[in-house]
Amino acid sequence: MSGVAPLGVRPEDWVRVPAATAARYREAGLWLPETLGEFVAERCARFAERIAVAGAPARDRTAHVRLTYAELTGASARLAALLADQHGVREGDRVVVQLPNCVEHVVAVAALVRMGALPVFTLPAHREAELSAFHLLAEPVAHLVAGSGWGVDHVAVAERAGAWAVERGGRAPRVVDLAVVDVLRERDGAHEPAAFPAPVRVDAEEVAFLQLSGGTTGVPKLIPRTHGDYLYSVRGSVEICGLDADDALLVALPAAHNFPMSSPGILGALHVGARVVLAPDPSPRTAFALVERERVTVASLVPPLVLGWLSARRDRFDLTSLRLLGVGGARLADVTAGRVHAELGCALQQVFGMAEGLVCYTRLDDPAELVETTQGRPISDLDEVRVVDDEDVDVRDGTPGHLLTRGPYTIRGYYRAPEQQATAFTADGFYRTGDVVVRLPSGHLRVTGRSKDQVNRGGEKVAAEEVEEHLLGHPAVHDAAVVAVPDPLLGEKVCAVLVVEADHAAPGVPELRRHLLERGLAPYKVPDRFETVTAFPTSGVGKTSRRDLRRTLAAALTGPGT
Ligand code: AMP
Ligand code: DBH
């Protein structure tokens, strides 16, 4: 540990893998000493002339630009100089990255990791509630946005989030608008930064960035990923997906998601010198046009987008370059899986992953039956998977149970969240995924359900408790329960069941929606449906647990007649 440069993340902020286990991962060659900064620097030098990234710049979502790996170095050096000189960003500082799918997303990641700063990933859809929580939790120095040309005034939202953090005793980060500073343009003469400073020497077993968690609790959680663990998952993913320098990878999902970032994602593409193609919006038309224009070979989608691709007109586009479609984030219906190869002409790969770690893939040489009906098996032989009953007793293969996992790239605890430790992890360090799975003798998993109180809205995760707490802030709401209801396109939608205060009239849906948006909740978390009941059911012995209550309500909402 260096006595000069402060560590970005203090030892008490996160939970390390025990020393003996870490030694095993090192000896097995899974954890290497390489940091993300060194990784990016090395790839940018090695693949200098190749195209690294193509897509819209932050300043204009309708434009299309391409950066070579050498230009990626230049742009990230410019951004790093700006962040250091004008905003005081130093090694170890956290910086919120809230960027749409513009090329600057990749530039920002490259700049931050090469400076030794820690990205804190957020979604463009996040609003003041989530962002101010991240400001308080991670204490970022800066917050990167892309102006107002992408549907929302992100500068104003980020500034308000900072002000909310200040009201709650925190500090506001500097908001940096990449639509205005334009790091893609070369500066003339003296203003162009000299070559990127040598990568900062940090320990690869320290935290490299904070990743988003879908969450199951009232306040969003952040996931501390280390250089070593994350780069291992990237190398493993690249090998399983057969990614090489001739590939072009389409990012149609929000780029900060773990799936398009590393499964095999943006980092997988940089690992092999392939091209990252960023879609400025997720529509099939935009994606198809980019597949044709950039000769995309690999794409990663959530199931609703697969349905969109299958039903959209494709005859005007040349999609023949596409070889592999990775699908994950939510359960892909077996019938939809069966249509991919026949109708889109590319191979399907199911991906079952989590930002906390474990990623499962169906393999390219798996029989069609496994590819179409399972969500794959873990990347690593050192991934430990347990499928257990409610008492944590292992169940037999073929029997559904709770998935617990531990391994070379799965976290042992959330960032600054000691109170979550006992519920989210077992005493011996297994992460309780909250997923219900069946394991086949081959090791492949089928996701059959979920025990966590979360709605998986087409791959975007919504924590029931978080939305309930915001609903309870409304004067007319006496009690609230948030549950998933089935939806033919999204898989699940968010439904709020409310008990109205005795002396209040039931608030209308527009009023409830307005209330939640005013509280700064991301729009995708605002319930799609509201129901009111006079009282919540109670069990014979008194109040039921929140979890049982949500389960009872969900069953009633999805039962016959609804
Ligand atoms: P997060 O923890 O927010 O990164 O979300 C990860 C969760 O997404 C997993 O624990 C699953 O609940 C869900 N998930 C991801 N991929 C799949 C998939 N292929 N099938 C079913 N659920 C998935
Ligand atoms: O849903 C996810 O979080 C996810 C899905 C596929 C993920 O984190 C991943 C692959 O790495």
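Residues numbered from 1 in each chain as written. Chains lettered and ligands numbered in written order. Predicted model: local features only at pLDDT ≥ 70, side-chain atom pairs only at ≥ 80, totals over all residues. Heavy atoms only, no water.

Peer 1: Which residues make up the pairing of strand S8 (residues 222-226), and what values go with them?
Peer 2: Judged by how many residues are buried, S8 sits mostly within the fold: five of five residues are covered. Residues of S8 alternate between two faces, with Leu222, Pro224 and Thr226 on one and Ile223 and Arg225 on the opposite face, all of them buried. As paired elements, strand S7 (residues 207-212) and S8 share five bridges and run antiparallel to each other. Residue glutamine 211 lies in a different strand from S8, and its bridge partner there is isoleucine 223. (Buried < 20%, exposed > 50% of the residue type's maximum accessible area, 1.4 Å probe, protein only. Helix = DSSP H or I, 4+ residues; strand = E, 2+ residues; numbered from the N terminus. Pairing = 2+ DSSP bridges.)

Peer 1: Tell me about the site of ligand 2, residues and numbers included.
Peer 2: In the vicinity of ligand 2, the residues found are Asn258, Phe259, Ser263, Gly329, Val351, Gly353, Met354, Ala355, Val359 and Lys461. Within the side chain of serine 263, one N or O atom sits 2.8 Å away from an oxygen atom of ligand 2. The separation between an oxygen atom of ligand 2 and a polar main-chain atom of alanine 355 is 3.3 Å. Summarising the interface, the protein chains cover 91% of the accessible area of ligand 2, which totals 290 Å² for the free molecule. Elements with a contribution of two residues or more to the shell around ligand 2: helix H9 (258-262) and strand S13 (347-354). By residue number, the principal contributor to the shell around ligand 2 is S13, which donates three residues. (Near = heavy atom within 4 Å. Polar contact = N/O pair within 3.5 Å; in protein donor to acceptor, adjacent residues only side chain to side chain. Areas by Shrake-Rupley, 256 points an atom, 1.4 Å probe, with all protein chains shown as cover.)

Peer 1: Explain helix H12 (residues 303-311) to me, using residue names and the numbers behind them.
Peer 2: Here H12 lies mainly inside the structure; seven of its nine residues are buried. Looking at the buried side of H12, the elements it contacts are strand S9 (248-251), helix H11 (284-294), strand S11 (298-301), strand S12 (324-328) and helix H13 (334-344). (Contact = heavy atoms within 4.5 Å.)

Peer 1: Can you break down empty space enclosed by the protein residue by residue, with the values?
Peer 2: A full pass over the atoms with the stated rule returns two cavities of 30 Å³ or more. Of the voids in this model, the largest cavity is the one considered here, and its volume is about 110 Å³. Val109, Phe121, Met261, Ile266 and Leu267 are, among the 13 residues lining the largest cavity, the residues nearest its centre. Elements with a minimum of two residues in the lining of the largest cavity: helix H2 (36-46), helix H4 (103-115) and helix H10 (265-272). With five residues, H4 is the largest single contributor of residues to the lining of the largest cavity. What the second largest cavity holds in volume is close to 30 Å³. Lining the second largest cavity are Cys241, Phe259, Ser263, Pro264, Val298, Ala299, Ser300, Leu324, Gly326 and Gln349. Of all the elements, S11 adds the most residues to the lining of the second largest cavity, at three residues. The residue makeup of the lining of the second largest cavity, split by class, is six nonpolar, four polar and no charged. (1 Å grid on protein atoms, 1.4 Å probe; cavity = no way out; pocket = protein on both sides within 12 Å on 5 of 7 lines; lining within 4 Å. Points joined across faces, edges and corners; volume = space filled by probe spheres on them. Nonpolar A, V, L, I, M, F, W, Y, C, P; charged D, E, K, R; others polar.)

Peer 1: Provide a residue-level description of the packing of aromatic side chains, including the pertinent values.
Peer 2: Geometrically, a pair of aromatic rings is defined through the distance of the ring centres and the angle of the planes. Inspection of the entire model under this criterion finds ten aromatic pairs. Ring centres 4.6 Å apart and planes at 80 degrees place the aromatic pair phenylalanine 209 and tyrosine 230 in the edge-to-face group. In this pair, phenylalanine 209 is assigned in strand S7 and tyrosine 230 in helix H8 (residues 227-241), connecting sequence segments 21 residues apart. For the pair phenylalanine 209 and tyrosine 230, a shared accessibility class is recorded, and that class is buried. Linked through ring pairs, Phe121, Phe209 and Tyr230 together constitute an aromatic cluster. Here lysine 221 stacks its cationic end above the ring of tyrosine 414, 4.7 Å away from the centre of that ring. (Phe/Tyr/Trp six-rings, centres within 6.5 Å; stacked < 30°, edge-to-face > 60°. Lys NZ or Arg CZ within 6 Å of the ring centre and 35° of its normal.)

Peer 1: Let's hear about the environment of glutamate 128: which residues, and what values?
Peer 2: By secondary structure assignment, the location of glutamate 128 is in helix H5 (residues 128-138). Between the C-alpha atoms of glutamate 128 and arginine 412, which are 284 residues apart in sequence, the distance is 29 Å. Sequence-distant contacts of glutamate 128, that is, excluding residues within four places in its chain, are made with Val157, Arg160, Ala161, Trp164 and Gly520.

Peer 1: Describe in detail the sheet that holds strand S23 (residues 491-500), supporting the description with residues and values.
Peer 2: Taken in spatial order, the three strands make up an open sheet running S22-S23-S24, and their pairing is mixed. Bordering the open sheet on either side are strand S22 (477-487) and strand S24 (529-533), each of which pairs with just one other strand. Going from strand to strand, the sheet's axes swing by 25 degrees on average, the running direction of each strand aside. Sheet topology note: the S23/S24 ladder contains five bridges and is parallel. Each bridged residue has a counterpart across the sheet, and for cysteine 495 the counterpart in S24 is arginine 529. Packing of helix H16 (residues 464-472) onto the sheet brings it into contact with S22, S23 and S24, and relative to S22 it is tilted by some 140 degrees. (Axes fitted to C-alpha atoms, helices over the stretch in contact; angles between N-to-C directions.)

Peer 1: Describe the site of ligand 1, listing the residues and the values that go with them.
Peer 2: In the vicinity of ligand 1, 18 residues are found, and the nearest of them are Gly214, Val351, Ala355, Glu356 and Asp435. At 3.4 Å, a backbone N or O of arginine 331 approaches a nitrogen atom of ligand 1. Glutamate 356 has a polar side-chain atom sitting 2.7 Å from an oxygen atom of ligand 1. For ligand 1, the accessible surface in isolation is 500 Å², of which the surrounding protein chains cover 93%. Sorting elements by how many residues they give to the shell around ligand 1 places S13 first, with four residues. Grouping the amino acids of the shell around ligand 1 by side-chain chemistry returns six nonpolar, seven polar and five charged.

Peer 1: Before we move on, can you summarise the confidence of the model for the protein chain with the specific residues and values?
Peer 2: Summary statistics for the protein chain give a mean pLDDT of 95 and a share of 97% for residues scoring 70 or more. Of all helices and strands in the protein chain, the one with the weakest mean pLDDT is helix H18 (residues 546-558) (91), whereas strand S14 (residues 357-361) scores best (99). Predicted confidence for residues 1-6 stays below pLDDT 50, and this span has four contacts to residues more than four positions away or in other chains. (pLDDT = per-residue confidence, 0-100.)

Peer 1: Run through the sheet that holds strand S10 (residues 275-278), naming residues and quoting values.
Peer 2: The strand order across the open sheet built from nine strands is S2-S1-S10-S9-S11-S12-S13-S14-S15, with neighbouring strands paired in mixed fashion. Each edge of the open sheet is held by one strand with a lone partner, namely strand S2 (65-68) and strand S15 (377-378). The pairing of S9 with S10 spans four bridges and is classified as parallel. When the bridges of S10 are listed, valine 251 appears paired with leucine 278. Set on the sheet, H8 makes contact with S12, S13 and S14; between it and S14 the angle comes to about 5 degrees.

Peer 1: Kindly report on the environment of arginine 187, identifying the contributing residues and their values.
Peer 2: Here arginine 187 is to be found in the loop between helix H7 (178-181) and S7. The exposure class of arginine 187 is partly exposed, given its relative accessible area of 22%.

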